[in-house]
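One-letter residues, chain by chain:
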Amino acid sequence: MTQEIVLRVTPEEKLEIKKSYERTAEEISKDIVALREWLKKQPHLPQTIDDVFLEMMLQRNKFSLEKTKSKLDTYFSVRNLIPEFFEDRHTLSDRMQQYMKHVTILPMPNLMKDHSRMHILSANSPDPDLFDVTSHVKFFFALCDLRMYYDQADSETIIINCENLKFGHVLKFTPTLTKQIFTVLSKAYSDRIKAMHFINVNSYVVSLISLIQSLLNDKLASRVKSHKSLEALHEYIAKEDLPSDYQGTQKSIAELFVEWKKFTESKDDWLVKQAEMKSNEKLRIGKFLEDDMFGSIHGSFRTLNVD
């Protein structure tokens with residue numbers, strides 16, 4: 001199973017994305033060389049970083065070298081600050097296999113017209129006791145890492161199906177945990193959310209949506225939408241981008257998830273080794289660039305028990 005099956009980006013789409021930033025292949029190569037020269041002066045950071053990853057980090061930061069440097073530092077440093085988000089994430093483990101029976105986190109294989117990658121999240125069971133939030137966070141950031149190396153989408157469009165969500169599910173997303181997730185997404189992964197759509201929203205989820213909006217700036221908060229019907233969702237997203245479950249023309253979620261699951265399992269060793277690529281704080285010269293941001297929530301990171 002290869003990324004060409006589950007995370008497709010056509011040559012034409014790659015070229016269009018580069019053109020949207022007015023960057024040529026030659027200019028991007030020069031940017032990567034500049035980052036490698038900077039990395040040589042950062043003994044606390046890994047030195048064996050793929051060019052593909054560096055290009056993706058540049059793209060997510062609109063090819064700003066200074067912003068990319070900051071995000072690279074944070075990406076590898078956050079693994080020390082919150083190891084529980086990244087360690088023990090074997091996709092072949094009994095615990096993770098059990099988790100994947102009860103939750104769907106699925107990136108759609110084709111890019112949308114705006115070069116966004118759609119993700120579909122849903123609980124497969126209405127029983128909150130079957131929702132393992134620890135595995136959920138680990139699998140979610142495993143997906144993020146896979147996409148940093150194997151995807152070139154320009155942004156994220158997220159659909160969260162709330163049909164099976166009960167109050168017990170929502171309670172597991174505490175304000176502290178929710179803030180931590182969005183902080184890491186923004187500060188370490190430079191995640192660019194194009195839109196977030198909640199469908200089949202019930203009363204339990206309204207408070208969670210409000211919490212998420214409170215953690216985002218006004219521009220991003222305005223991109224969070226809730227819908228009571230698929231017809232309302234279709235006003236924002238074309239059927240050609242949606243799975244058949246949502247009256248779309250793509251394969252069903254079940255079919256697509258089988259392919260995605262196979263891909264994640266084929267990358268099990270890679271995911272474990274990649275999580276071990278982290279900063280060596282004993283070798284750091286100077287102050288952590290995001291120390292103020294992470295320092296304010298460092299204690300809650302350390303004491304969090306998401307079990």
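For every chain, the first residue of the written sequence is number 1, and numbering continues from 1 onward in sequence order. Note on the predicted model: pLDDT of at least 70 is required for a residue's local features to be given, and 80 or more for side-chain atom pairs to be given and counted; whole-chain, interface and lining totals, by contrast, use all residues. Side-chain figures throughout are based on the complete set of non-hydrogen atoms in the structure, without hydrogens or water.

### A word on the pairing of strand β4 (residues 193-199)
Test applied: Here's how the labels work: a residue is buried when its accessible area is under 20% of the maximum for its type, exposed when over 50%, partly exposed in between, all with a 1.4 Å probe on protein chains only. Only DSSP runs of H or I with at least four residues qualify as helices, and only runs of E with at least two residues qualify as strands; both kinds are numbered from the N terminus onward. In this analysis, strands are considered paired if DSSP registers two or more bridges between them.
Of all seven residues in β4, six are buried; the element is thus mostly enclosed. Of the pairings in the sheet, the one linking strand β3 (residues 155-161) to β4 comprises six bridges and is parallel in character. Residue Asn-161 lies in a different strand from β4, and its bridge partner there is Ile-199. Two strands pair when backbone bridges link them, and β4 and strand β5 (residues 224-227) are joined in this way by four bridges, in the parallel orientation.

### A word on the nonpolar core
The criterion, for reference: In this text, buried Ala, Val, Leu, Ile, Met, Phe, Trp, Tyr and Cys residues form a nonpolar core when linked through side-chain atoms within 4.5 Å. The contact criterion used is simple: two residues touch if any of their non-hydrogen atoms lie within 4.5 Å.
Ranked by internal contacts, the top residues of the largest apolar core, which has 90 residues, are Phe-53, Phe-141 and Trp-260. The leading source of residues in this core is helix α7 (residues 133-150), at twelve residues. With residues near it in sequence (within four places) discarded, Trp-260 still touches Val-6, Leu-7, Ile-105, Leu-106, Pro-107, Phe-139, Leu-143 and Leu-146.

### With respect to helix α9 (residues 175-187)
Condition: Each helix should span, by expectation, one fewer than its residue count multiplied by 1.5 Å.
Its 13 residues place the ends of α9 18 Å apart at the C-alpha level, agreeing with the 18 Å of an ideal helix rising 1.5 Å per residue. Turning to α9, its buried residues number three or more, namely Leu-177, Thr-178, Gln-180, Ile-181, Phe-182, Thr-183, Val-184 and Leu-185.

### Details of the environment of Leu-111
By secondary structure assignment, the location of Leu-111 is in the loop between β1 (103-107) and β2 (116-123). Judged by its relative accessible area of 7%, Leu-111 falls in the buried class. Residues Leu-111 and Asp-241 lie 130 residues apart in sequence; the distance between their C-alpha atoms is 8.0 Å. Contacts of Leu-111, omitting those with residues within four sequence positions, involve Arg-8, Val-9, Glu-13, Ile-17, Ser-116, Arg-117, Ala-153 and Asp-241.

### Digging into the packing of α7 against helix α13 (residues 253-266)
The relative placement of two packed helices is expressed as an angle between their axes plus a distance between the axes. Rules: Note on geometry: axes are lines fitted to C-alpha atoms, helical ones only across the stretch in contact, with angles between N-to-C directions running from 0 to 180 degrees. Note on terminology: angles under 35 degrees are roughly parallel, angles over 145 are roughly antiparallel, angles of 65 to 115 are roughly perpendicular, and the others are oblique. Each residue receives one of three labels: charged for Asp, Glu, Lys and Arg, nonpolar for Ala, Val, Leu, Ile, Met, Phe, Trp, Tyr, Cys and Pro, and polar for the others, Gly being one of them.
At a minimum axis distance of 12 Å, the contact between α7 and α13 shows a crossing angle of 80 degrees. Relative to α13, α7 is oriented roughly perpendicular. Contact residues: Phe-139, Leu-143, Leu-146 and Tyr-150 in α7; Trp-260, Phe-263 and Thr-264 in α13. A breakdown of the residues in the contact of α7 with α13 according to their chemical character gives six nonpolar, one polar and no charged.

### Focus: the pattern of salt bridges
Worth spelling out the cut-off: Salt-bridge detection follows one rule: a side-chain nitrogen of Lys or Arg within 4 Å of a carboxyl oxygen of Asp or Glu.
Enumeration over the complete set of coordinates arrives at 21 salt bridges. Among the salt bridges present, the one from Asp-145 reaches Arg-89, with a minimum N-O distance of 2.8 Å. On the criterion of sequence distance, the pair formed by Asp-145 in helix α7 and Arg-89 in the loop between α5 (65-81) and α6 (94-102) is long-range, its members being 56 residues apart. Note on Arg-89: relative accessible area 1%, which makes it buried. In this structure, Asp-151 and Arg-117 form a salt bridge, with 2.6 Å as the shortest nitrogen-oxygen distance. Pair noted here: Asp-151 is in the loop between α7 and β3 and Arg-117 is in strand β2, with a separation of 34 residues, a long-range link. Taken as a pair, Asp-151 and Arg-117 share a single burial class, namely buried. One continuous salt-bridge network, built from bridges that share partners, spans Arg-60, Arg-117, Arg-147, Asp-151, Glu-156 and Asp-191.

### A word on the packing of aromatic side chains
Here is the rule: Stacked, tilted and edge-to-face are the three classes applied to pairs of Phe, Tyr and Trp rings, where Trp contributes its six-membered ring and a pair requires centres within 6.5 Å; stacked means planes under 30 degrees apart, edge-to-face means over 60, and tilted covers the rest.
Applying the stated criterion across every chain yields a total of 18 aromatic pairs. Ring geometry for Phe-53 against Tyr-75: centres 4.9 Å apart, planes inclined by 50 degrees, an arrangement best described as tilted. Of the two residues, Phe-53 is situated in helix α4 (residues 51-60) and Tyr-75 in helix α5; the sequence distance between them amounts to 22 residues. One exposure class covers both Phe-53 and Tyr-75, and it is buried. Where Tyr-149 meets Trp-270, the ring centres are 4.9 Å apart and the plane angle is 80 degrees; that geometry is what we call edge-to-face.

### Here we look at the environment of Lys-113
Its location among the elements puts Lys-113 in the loop between β1 and β2. Considered as a pair, Lys-113 and Asp-241 are 128 residues apart in the sequence and their alpha carbons are 8.8 Å apart.

### Let's talk about the sheet that holds β1
Paired through their backbone hydrogen bonds, the strands of a sheet run either parallel or antiparallel. The strand order across the open sheet built from five strands is β1-β2-β3-β4-β5, with neighbouring strands paired in mixed fashion. Here the strands that pair on one side only, and so sit at the sheet edges, are β1 and β5. On average, adjacent strands in this sheet sit at an angle of 15 degrees to one another, irrespective of strand direction. Contacting β1, β2 and β3, α7 runs over the sheet at an angle of about 10 degrees to β1.

### Structural notes on a nonpolar patch on the surface
We count it as follows: Each patch is assembled from residues with relative accessible area greater than 30% and no salt bridge, linking like charges that lie within 9 Å and nonpolar side chains (Val, Leu, Ile, Met, Phe, Trp, Tyr) that lie within 5 Å. Using the Shrake-Rupley algorithm and a 1.4 Å probe, accessible areas are obtained, with residue cover drawn only from the displayed protein chains.
On the surface, Phe-167, Leu-171 and Tyr-204 cluster together into a nonpolar patch covering about 300 Å² of accessible area. Topologically, Leu-171 is positioned in helix α8 (residues 167-172).

### Some points on the environment of Cys-162
Its location among the elements puts Cys-162 in the loop between β3 and α8. Taking C-alpha positions, Cys-162 is 25 Å from His-115, a pair spaced 47 residues apart along the chain. With residues up to four places along the chain from it excluded, the contact list for Cys-162 reads Phe-198, Ile-199, Asn-200, Val-201, Asn-202 and Val-205.

### A look at the confidence of the model for the protein chain
In low-pLDDT regions, the fine details of the predicted coordinates are not to be read closely. Rules: The quantity called pLDDT is the predictor's confidence in a given residue, expressed from 0 to 100.
Per-residue confidence for the protein chain gives a mean pLDDT of 91, with 93% of residues at or over 70. Here helix α15 (residues 291-303) stands out as the least confident element of the protein chain, with mean pLDDT 48; β2 is the most confident, with 97. The low-confidence segment residues 298-307, where pLDDT is below 50, has 21 contacts with residues more than four positions distant or belonging to other chains.

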